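Residue-level listing of the chains:
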Amino acid sequence: MLLLNYNSLLISMPGGTEWILIILAVLILFGGRKIPEFMRGLGRGIREFNDAKTNVKKEIEEGMSEKETTPATNNTTSKQQA
């Protein structure tokens, strides 16, 4: 019978030492001057995404409110003509 160790199959989040290594690798690869530019671009992208999400949500809510306030049309005229 094969017993699986599920702890070895799961991937965990990086700990303190791993984060330090990741930060050092980013600093070495991009340098100190590129990181602020990268973060500004990332912030702009997140802001644009949130603005677009808010606009879509607002349009959907406006469409729902218009649909609720618009009275339903009655098809009795088309039935009388047939």
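Quantities reported herein were computed from a predicted structural model and do not represent experimental measurements. (Residues numbered from 1 in each chain as written. Predicted model: local features only at pLDDT ≥ 70, side-chain atom pairs only at ≥ 80, totals over all residues. Heavy atoms only, no water.)

### A few points about the overall build of the chain
For the chain, the helix and strand inventory stands at three helices and zero strands. Taken from the N to the C terminus, the helices and strands of the chain come in the order α-α-α. Classification of the 82 residues of the chain by burial places 0% in the buried group. (Helix = DSSP H or I, 4+ residues; strand = E, 2+ residues; numbered from the N terminus. Buried < 20%, exposed > 50% of the residue type's maximum accessible area, 1.4 Å probe, protein only.)

### Notes on the packing of aromatic side chains
How two aromatic rings sit relative to each other is given by the distance of their centres and the angle of their planes. Enumeration according to the criterion identifies one aromatic pair in this entry. Aromatic side chains phenylalanine 30 and phenylalanine 38 sit 6.3 Å apart centroid to centroid with 10 degrees between the ring planes, which places their arrangement in the stacked category. Of the two residues examined, phenylalanine 30 and phenylalanine 38, each falls in the exposed class. (Phe/Tyr/Trp six-rings, centres within 6.5 Å; stacked < 30°, edge-to-face > 60°.)

### Considerations on a negative patch on the surface
Residues Glu59, Glu61, Glu62 and Glu66 make up a contiguous surface patch of negative charge. One can find glutamate 66 in helix H2 (residues 16-69). (Patch = residues over 30% accessible without salt bridge, like charges linked within 9 Å, V, L, I, M, F, W, Y side chains within 5 Å. Areas by Shrake-Rupley, 256 points an atom, 1.4 Å probe, with all protein chains shown as cover. Salt bridge = Lys/Arg side-chain N within 4 Å of Asp/Glu carboxyl O. Lys, Arg positive; Asp, Glu negative; His and termini not counted. Charge placed at Lys NZ, Arg CZ, Asp CG, Glu CD.)

### Things to note about a nonpolar patch on the surface
A contiguous nonpolar patch, built from Met13, Trp19, Ile20, Leu21, Ile22, Ile23, Leu24, Val26, Leu27, Ile28, Leu29 and Phe30 and spanning about 1300 Å² of accessible area, is present on the exposed surface. Its location among the elements puts isoleucine 28 in helix H2. Assessed through its relative accessible area of 71%, isoleucine 28 is described here as exposed.

### A few points about H2
Here H2 spans only 56 Å end to end across 54 residues, well under the 80 Å set by a 1.5 Å rise per residue. Where H2 bends most, at glycine 31, the angle is about 95 degrees. (Expected span 1.5 Å × (residues − 1). Bend = angle between axes of the 7 residues up to and from the residue.)

### Some points on the confidence of the model for the chain
When pLDDT is averaged along the chain, the result is 79, and 71% of the positions lie at 70 or above. The secondary-structure element of the chain with the lowest mean pLDDT is helix H1 (residues 6-9), recorded at 54, while H2 shows the highest, at 89. (pLDDT = per-residue confidence, 0-100.)

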